[in-house]
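# Chains, contacts and geometry: an overview
Take a look at the letters that make up each chain.
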Amino acid sequence: MEHRYSELGKWSEDIVIEKGKVIGLVKNAVIRASTTFREDQVKVYENAIEGETNEASRWALESILRNAALSERKHSYPLCNDTGTPHLYVEIGENAQLPPGVFPAIVDGVRRGLRDLPARPMAVKGEPMERIEQTKGLYKDPGMLVPGPPVIENIPGRQIHITVIMLGGGPELRSKTYRIYHSKNAENLLEETTRWALEEVARLGCTPCVPAIGIGRTHYEATALMLRAMRYGRFDRQSRWETKIAETINRSGVGPIGLGGRTTALGAFLEIGPQRASGARIVCMRLGCCYDPRRATVTIE
Ligand code: SF4
């Protein structure tokens, strides 16, 4: 793809098509992330249904999967009424050329996706303190919900990957970013993180859960790594540690929507970043819900 732009640094006549393409791709990514289960997500539910011995819990898992199939068929029927806050994970090839205005185009794509979905209107009006107190009410337009700050990663090659991740409110209430002293034992650290998940999982409500975990040097880095775990995590490629975390949570017996049974966690996604000379590690654990991760990736050549 050739990026041409005018001397004024605005999208030229030629680039209008490309800008439109970026907007369209991102708009579709918002809709896909919000309505469609990926193959590994369908498979993990099918396996859970097969292995579930509790009848009520099996019914709950089947209902979630049926709802996902309906959502995908209608393509404008969100997986959940809490359509979430869009977050962007942007990977830029070291040889990619970014046309001016690409970020506003991405944000425009998100806005249009939220409108077309349609997402639940969730943007709060007002000045900073009014927004905290929610005294001015909400915008009716779902497109007023601006995405969270993007995570940017440098990758080899010429491509740009844009991943839209929709983050629902329930998991945000059950998540934690804090330090853990590792005592030179990585297993201790993961056990403590799993304890955080166990403390909250019964209160999540929308189980089975999907904990996404980032371990880094700072709170910012741990959170960015947690988002990376949501961008790359797959249910059919679980590491030994991810499997152990999920198995421990499953032993809690909370089950789908708290009905008991064998399926409290569908899997876990773990990203470990660079570490610094210290006795503490900063861990971000987001206790994702039954539709997580709601994500879709588009690629610009
Ligand atoms: S926790 Fe997840 S499934 Fe439950 S309401 Fe929130 S986004 Fe929807």
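Residues numbered from 1 in each chain as written. Predicted model: local features only at pLDDT ≥ 70, side-chain atom pairs only at ≥ 80, totals over all residues. Heavy atoms only, no water.

Quick look at the confidence of the model for the protein chain now. Averaged over the protein chain, the pLDDT score is 93; the fraction of residues at 70 or greater is 94%. The low-confidence segment residues 1-17, where pLDDT is below 50, has 24 contacts with residues more than four positions distant or belonging to other chains. (pLDDT = per-residue confidence, 0-100. Contact = heavy atoms within 4.5 Å.)

Glancing now at helix H9 (residues 240-250). The set of residues buried in H9 consists of Glu242, Ile245, Ala246, Ile249 and Asn250. The arc that holds every buried residue of H9, seen down its axis, measures 135°, which confines them to one face. Buried residues along H9 sit in contact with helix H7 (186-204), strand E5 (210-216) and strand E6 (269-272). (Buried < 20%, exposed > 50% of the residue type's maximum accessible area, 1.4 Å probe, protein only. Helix = DSSP H or I, 4+ residues; strand = E, 2+ residues; numbered from the N terminus. Arc of directions from axis to C-beta.)

Further remarks concern the site of the ligand. Lining the immediate surroundings of the ligand are Cys80, Asp82, Gly168, Gly170, Pro171, Cys206, Cys289, Tyr291 and Arg294. Along the lines of polarity and charge, the residues of the shell around the ligand split into five nonpolar, two polar and two charged. (Near = heavy atom within 4 Å. Nonpolar A, V, L, I, M, F, W, Y, C, P; charged D, E, K, R; others polar.)

Backbone hydrogen bonds are what pair the strands of a sheet, in a parallel or an antiparallel way. The sheet built from four strands is open, its strands ordered E4-E7-E5-E6 with mixed pairing. Two strands lie at the open edges of the sheet, namely strand E4 (176-181) and E6, each paired on one side alone. The sheet shows a mean angle of 20° between the axes of neighbouring strands, taken without regard to direction. Of the strands in this sheet, E4, E5, E6 and strand E7 (280-288) touch H7, which is tilted by about 30° from E7. (Pairing = 2+ DSSP bridges. Axes fitted to C-alpha atoms, helices over the stretch in contact; angles between N-to-C directions.)

Let us now look at the nonpolar core. Grouped together as the largest cluster of nonpolar side chains are 29 residues, with contacts concentrated most on Phe37 and Tyr45. Broken down by secondary-structure element, the contributors of at least two residues to this core are helix H2 (39-51), helix H3 (55-74), strand E3 (160-167), E5, helix H8 (219-232) and E7. Ranked by the residues each element gives to this core, the list is headed by H8, at six residues. Counting residues in each nonpolar core, the second largest holds 27 residues, with Ile92, Val102, Ala105 and Val110 among its members. (Core = buried A, V, L, I, M, F, W, Y, C linked by side-chain atoms within 4.5 Å.)

For the pair H2 and H3, the least separation of the axes is 9 Å and the interaxial angle reads 160°. Here H2 is positioned roughly antiparallel relative to H3, judged by the angle of their axes. Both H2 and H3 take part in a crossing whose hand is left-handed. In this structure, H2 uses Val42, Tyr45, Glu46, Ala48 and Ile49 to contact H3, whose residues at the interface are Arg58, Leu61, Glu62, Ile64 and Leu65. Taken together, the residues that form the contact of H2 with H3 break down as seven nonpolar, no polar and three charged. (Parallel < 35°, antiparallel > 145°, perpendicular 65-115°, else oblique. Left-handed = near helix turned anticlockwise from the far one by under 90°.)

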